[in-house]
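Per-entry structural report
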There are 2 protein chains.
Amino acid sequence: MTIYLDYSAATPVLPEVLKEMQPYFSEIYANPSSIHSPGKQARKAIENARSKIASIIGSEPSEIIFCSSGTESINLAIKGILRASQKKHIITSKIEHKAVLEACRYLEKYENCKVTYLDVDKYGLVSLEDIEKAITKDTCLITIHHANNEIGTIQPIKEIAEMANKYKIPLHIDGCQSGLLDLKEKLGVTLATLNSSKIYGPKGAALLFIKRGTKIHPLLHGGGQEFNLRSSTENILAIVGFAKALELIQKSREEESERLTKLRDYLIKELLKIPDSKLNGHPTQRLPNNINISFKDIDEDSLLLHLDEQQIYVSTSSACTAKSIEPSHVIKALAPQKEYLYGNLRISLGIFTTKEDVEKVAQILPSIIEKLRKHKN
Amino acid sequence: MTIYLDYSAATPVLPEVLKEMQPYFSEIYANPSSIHSPGKQARKAIENARSKIASIIGSEPSEIIFCSSGTESINLAIKGILRASQKKHIITSKIEHKAVLEACRYLEKYENCKVTYLDVDKYGLVSLEDIEKAITKDTCLITIHHANNEIGTIQPIKEIAEMANKYKIPLHIDGCQSGLLDLKEKLGVTLATLNSSKIYGPKGAALLFIKRGTKIHPLLHGGGQEFNLRSSTENILAIVGFAKALELIQKSREEESERLTKLRDYLIKELLKIPDSKLNGHPTQRLPNNINISFKDIDEDSLLLHLDEQQIYVSTSSACTAKSIEPSHVIKALAPQKEYLYGNLRISLGIFTTKEDVEKVAQILPSIIEKLRKHKN
């Protein structure tokens, strides 16, 4: 029996989603821009998917731009807004996804853009006061994630949106981890990224919600698809699957959140019994499926390997580069004691996670930690 | 019985391709960047696909960057090369795909780039002499399509590549219609775009071949996937399907080209018997599956509609905009007599096209044309 607990990294495609996608492999495959009947049928499938999503997030269908990935959508939002604006200052936080941070760094280096990277508090929360202080006359965009992919902390998006609106600055939120959250909140923002591959939809689809009237440049030029904002023949298959997946996860989100929160809190409680362990992220204002714990004096790769041997698949927060291990930029920003910078584990639960799964982890993990610490001393 | 003859616009996914993709929906779905066993398994699938394609086009695996679409790959090539270069002049032709033309126009408008749009001869061929004349000290890229998607004309890529190499200017070829062509030719170029959705693979995958040592900026920044040139969680499903589709089409390309060429030439011969009809594109140096014919005094949308009623699905070359019909930029560049600017039909054959299909078109089309002309007068 394998135990997959890395749902924040990738999710399987649900059978109901796959079923919805089935006709689009070799029956309805025409180019949606073709004006013959099969083309119109393909177009209809895409527009149905768009309408379905629009009704879930409470937007107009024409405010939804389908992209190929969360990263593409985030790049479109950040670069697109900057390039369409005379203003050249962006506000973001230090704990954003790399797609945000690297897009910003590129604009700083090559497109004369200034970026403010806000600190966060010990729970990973961005402060409203800090945002307000950072705003200048040259600010063209605030981009903040909805929930952090590593530590699960949920940002006060509603309040941030109110402030952004007060200053008439577009706010983009990275909602790549937002499947289980209330997406109607998105109404307050100007741009929002959602993706398919983290919510049991297929890889290859994401969307950027762009509030009507927002000035933005496309990243991809060509045939003028997606309201002239994202040229490319539409990936019908992935779009149809994405819409179905979003519908399913949003329909069951309240009960599923409740179920996962119980499992999460049980496992957190158990793991914090391990000596010298520490929860990262906010204790309550966090994703229902996210657990992030640091263990003092532990090499996280060895930890991962030992769990892998037991067919328990989790993740670390750090990014391994060729020869060194960089501590995660997210964990680093929480400014923990140095001993807690490494030895970091992200356990993300999902639709197939059972009580037995988390019990097994709670049972196995302490002995592995003990063994590793013994070995080290 | 429906007759789909729009294979240059979109192809169905072949059963063998779908079979190859099957495990990647809900069995092997982990994030290829995850370092646990399922992650490694996903990584392996992608690298196998990359190696398979590399051996087909004769490149190193690390010279292949997976993207989400032909349009993305073309945008990456053109914008990426320009942004990484001090030189700011691009040479292309007037009959490129919109992805090339619109990317160039964007760079002209916003990034201080100069673009030469070369004329073509009456067959749609780019002249080597014209390219050489257009080269300046500031030229950073030549971008020419391998075969034209509307009129099927195949460009003398080998010769263009030799010239580009002589002047040490990177040559990008748009190979979105190249499935049936000899891809080893690509060895002579610096960059080449190939895509999946026109060769019976799934939508959502394409590649940019980038010769080692070429300086290029990414379009998408983030996690550093695809050798730091295209960040995004890899779309395993589509990548695996793409590799299989390319393998299949290349394996059978000689016999399939022969088969399609016969059907093509038969249908061209039959259709040219219709009074006041004219073949567009080169008579022999053209894609085995492409037929493009203009009919004098014909409204092409009515023609399409009448064929659609007979469940025959073909395409026109023109792009319908809201209230006017613009003649195709490709047909326009061939400088035909004015009466042949409209009334244009592209018939593109494919793997499921039979002799009966083309015979039926040859039988039905003349009477539709006759009816439409009568109606007009």
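None of these values were measured; they are calculated from a predicted model. (Residues numbered from 1 in each chain as written. Chains lettered and ligands numbered in written order. Predicted model: local features only at pLDDT ≥ 70, side-chain atom pairs only at ≥ 80, totals over all residues. Heavy atoms only, no water.)

This paragraph deals with the relation of the copies chain A and chain B. Here two copies of a chain appear, and what relates them is a rotation about an axis with a shift along it. Between the two copies, chain A and chain B, the superposition gives an RMSD of 0.0 Å; the rotation angle is 180° and the shift along the axis is 0.0 Å. Seen this way, the second copy is the image of the first under a two-fold rotation axis. A shared interface surface links the copies, since 100% of the contact residues of chain A are contact residues in chain B too. (Least-squares fit on C-alpha atoms with pLDDT ≥ 70 in both. Contact = heavy atoms within 4.5 Å.)

Side chains that differ in sign of charge can pair as their charged atoms come close. Evaluation of the coordinates by the stated rule reveals 44 salt bridges over all chains. Across the pair Arg-83 of chain B and Glu-111 of chain B runs a salt bridge whose closest N-O atoms are separated by 2.7 Å. Remark: Glu-111 of chain B occurs in the loop between α5 (98-110) and β4 (114-118) and Arg-83 of chain B occurs in helix α4 (residues 70-84); sequence separation between them is 28 residues. Each member of the pair Arg-83 of chain B and Glu-111 of chain B is classed as buried. Taken together, the salt bridges that share partners define one network made up of Arg-43, Glu-47, Arg-50, Glu-226 and Glu-234 of chain A. (Salt bridge = Lys/Arg side-chain N within 4 Å of Asp/Glu carboxyl O. Helix = DSSP H or I, 4+ residues; strand = E, 2+ residues; numbered from the N terminus. Buried < 20%, exposed > 50% of the residue type's maximum accessible area, 1.4 Å probe, protein only.)

Counting from both sides, the interface comprises 54 residues of chain A and, opposite them, 54 residues of chain B. Between chain A and chain B, roughly 4,600 Å² of surface is buried when both sides are summed, and carbon and sulfur atoms account for 60% of that area. Of all residues in chain A, the largest losses of buried area upon contact with chain B belong to Tyr-29, Lys-203 and His-221 of chain A, amounting jointly to 16% of the total for that side. Counting the contacts that link chain A with chain B gives zero salt bridges. Along the contact surface separating chain A from chain B lie 25 residue pairs in polar contact (both at pLDDT 80 or more). Of all elements in the fold, only α1 (15-21), α2 (23-26), α3 (37-57), α4 (70-84), α5 (98-110) and α11 (300-309) of chain A reach the threshold of two or more residues within the side of chain A that touches chain B. Tallying contributions element by element places α5 of chain A first for the side of chain A that touches chain B, with six residues. (Buried area = accessible area lost by both parts, 1.4 Å probe. Polar contact = N/O pair within 3.5 Å; in protein donor to acceptor, adjacent residues only side chain to side chain.)

A few words now on the side chain of Thr-353 of chain B. Structurally, Thr-353 of chain B can be placed in the loop between β14 (344-348) and α13 (355-376). Setting aside anything within four residues of it in sequence, one finds Thr-353 of chain B in contact with Tyr-4, Leu-5, Tyr-7, Arg-259, Leu-263 and Val-358 of chain B.

Here we take up the sheet that holds strand β10 (residues 290-295) of chain B. Consider a sheet: its strands pair through backbone hydrogen bonds, and that pairing is either parallel or antiparallel. Residues and elements named next belong to chain B. Pairing is antiparallel across the open sheet formed by three strands, whose spatial order is β9-β10-β14. At either margin of the open sheet sits one strand with a lone partner, and together these are β9 (277-279) and β14. In this sheet, adjacent strand axes meet at a mean angle of 25° when their direction is disregarded. Both β10 and β14 contribute to a ladder of five bridges, which runs antiparallel. Residue pairing for β14: Asn-290 is matched across the bridge by Ser-348. Against the sheet, helix α10 (residues 253-271) touches β9, β10 and β14, its axis set at about 10° to β10. (Pairing = 2+ DSSP bridges. Axes fitted to C-alpha atoms, helices over the stretch in contact; angles between N-to-C directions.)

Right, let's get into the pairing of strand β3 (residues 89-93) of chain B. Residue and element names in this part refer to chain B. Among the five residues of β3, five are classified as buried, and the element is accordingly described as predominantly covered. Of the two faces of β3, the one holding His-89, Ile-91 and Ser-93 and the one holding Ile-90 and Thr-92 are both buried throughout. In terms of strand pairing, β3 meets β4 through five bridges, oriented parallel. Across the sheet, residue Ile-91 finds its bridge partner in β4, namely Thr-116. A crossover links β3 with its parallel partner β4, the connecting element being α5, and its sense is right-handed. Relative to strand β5 (residues 139-145), β3 runs parallel, the two being bridged by three bridges. Note on β5: the bridge partner recorded for His-89 is Thr-139. (Right-handed = clockwise from strand over helix to strand, strands pointing away.)

Let us now look at the packing of helix α3 (residues 37-57) of chain B against helix α9 (residues 236-251) of chain B. Pairs of packed helices are described in terms of their axes, by the angle between the two and the distance that separates them. Residue and element names in this part refer to chain B. Where α3 contacts α9, the two axes come as close as 9 Å, and the packing angle between them is 25°. One element, α3, and the other, α9, form an angle in the roughly parallel class. Of the two possible hands of crossing, α3 and α9 adopt the one that is left-handed. For the pair formed by α3 and α9, the contact residues are Ala-42, Ala-45, Ile-46, Ala-49, Lys-52, Ile-53 and Ile-56 on the first element and Ile-236, Ile-239, Val-240, Phe-242, Ala-243, Lys-244, Leu-246, Glu-247 and Gln-250 on the second. Residue composition of the contact of α3 with α9, by class: 12 nonpolar, one polar and three charged. (Parallel < 35°, antiparallel > 145°, perpendicular 65-115°, else oblique. Left-handed = near helix turned anticlockwise from the far one by under 90°. Nonpolar A, V, L, I, M, F, W, Y, C, P; charged D, E, K, R; others polar.)

The next thing to look at is the domain arrangement of chain A. All names here are of chain A. For chain A, the assigned domains read domain 1 (3-11 + 252-376) and domain 2 (15-251). Taken over C-alpha atoms, the centre of domain 1 sits 28 Å from the centre of domain 2. Between domain 1 and domain 2, the residue contacts involve 30 residues of the former and 34 residues of the latter. With both chains or domains summed, domain 1 and domain 2 bury close to 2,700 Å², and 55% of this area falls on carbon and sulfur atoms. Counting the contacts that link domain 1 with domain 2 gives one salt bridge. Seen at the junction of domain 1 and domain 2, the total is 20 residue pairs in polar contact (both at pLDDT 80 or more). Every element with two or more residues in the side of domain 1 that touches domain 2 is listed here: α10 (253-271), β10 (290-295) and α12 (329-333). Residue composition of the side of domain 1 that touches domain 2, grouped by class: 12 nonpolar, 14 polar and four charged. (Domains from an automatic or database assignment.)

Count 3.6 residues to each turn of an α-helix, and residues three or four apart come out pointing the same way. Here helix α9 (residues 236-251) of chain A is 16 residues long and its end C-alpha atoms lie 23 Å apart, about the 22 Å a rise of 1.5 Å per residue gives. Burial analysis of α9 of chain A places 14 of its 16 residues in the buried class, the great majority of the element. (Expected span 1.5 Å × (residues − 1).)

Residue and element names in this part refer to chain A. Considering all chains together, one arrives at six cavities of 30 Å³ or more under this definition. Estimated volume of the largest cavity: approximately 110 Å³. Lining the largest cavity we find 14 residues, and of these Cys-67, Arg-230, Thr-233, Glu-234 and Asn-235 sit closest to its centre. Looking at the lining of the largest cavity residue by residue, the classes come out as three nonpolar, eight polar and three charged. In this model, the second largest cavity occupies a volume close to 60 Å³. (1 Å grid on protein atoms, 1.4 Å probe; cavity = no way out; pocket = protein on both sides within 12 Å on 5 of 7 lines; lining within 4 Å. Points joined across faces, edges and corners; volume = space filled by probe spheres on them.)

The next thing to look at is the sheet that holds strand β4 (residues 114-118) of chain A. Residues and elements named next belong to chain A. The sheet built from seven strands is open, its strands ordered β2-β8-β7-β6-β5-β3-β4 with mixed pairing. With partners counted over all chains shown, the strands left at the sheet margins are β2 (64-67) and β4, one partner each. Strand after strand, the sheet turns through a mean of 20° between neighbouring axes, direction not considered. Taken together, the four bridges between strand β5 (residues 139-145) and strand β6 (residues 171-174) define a ladder with parallel strand orientation. Bridged to His-145 within β6 is Asp-174. This element, helix α7 (residues 157-166), spans β5 and β6 of the sheet and lies at about 160° to β6. Across the sheet, α9 touches β2, β7 (191-195) and β8 (206-210), and the angle it forms with β7 is around 100°.

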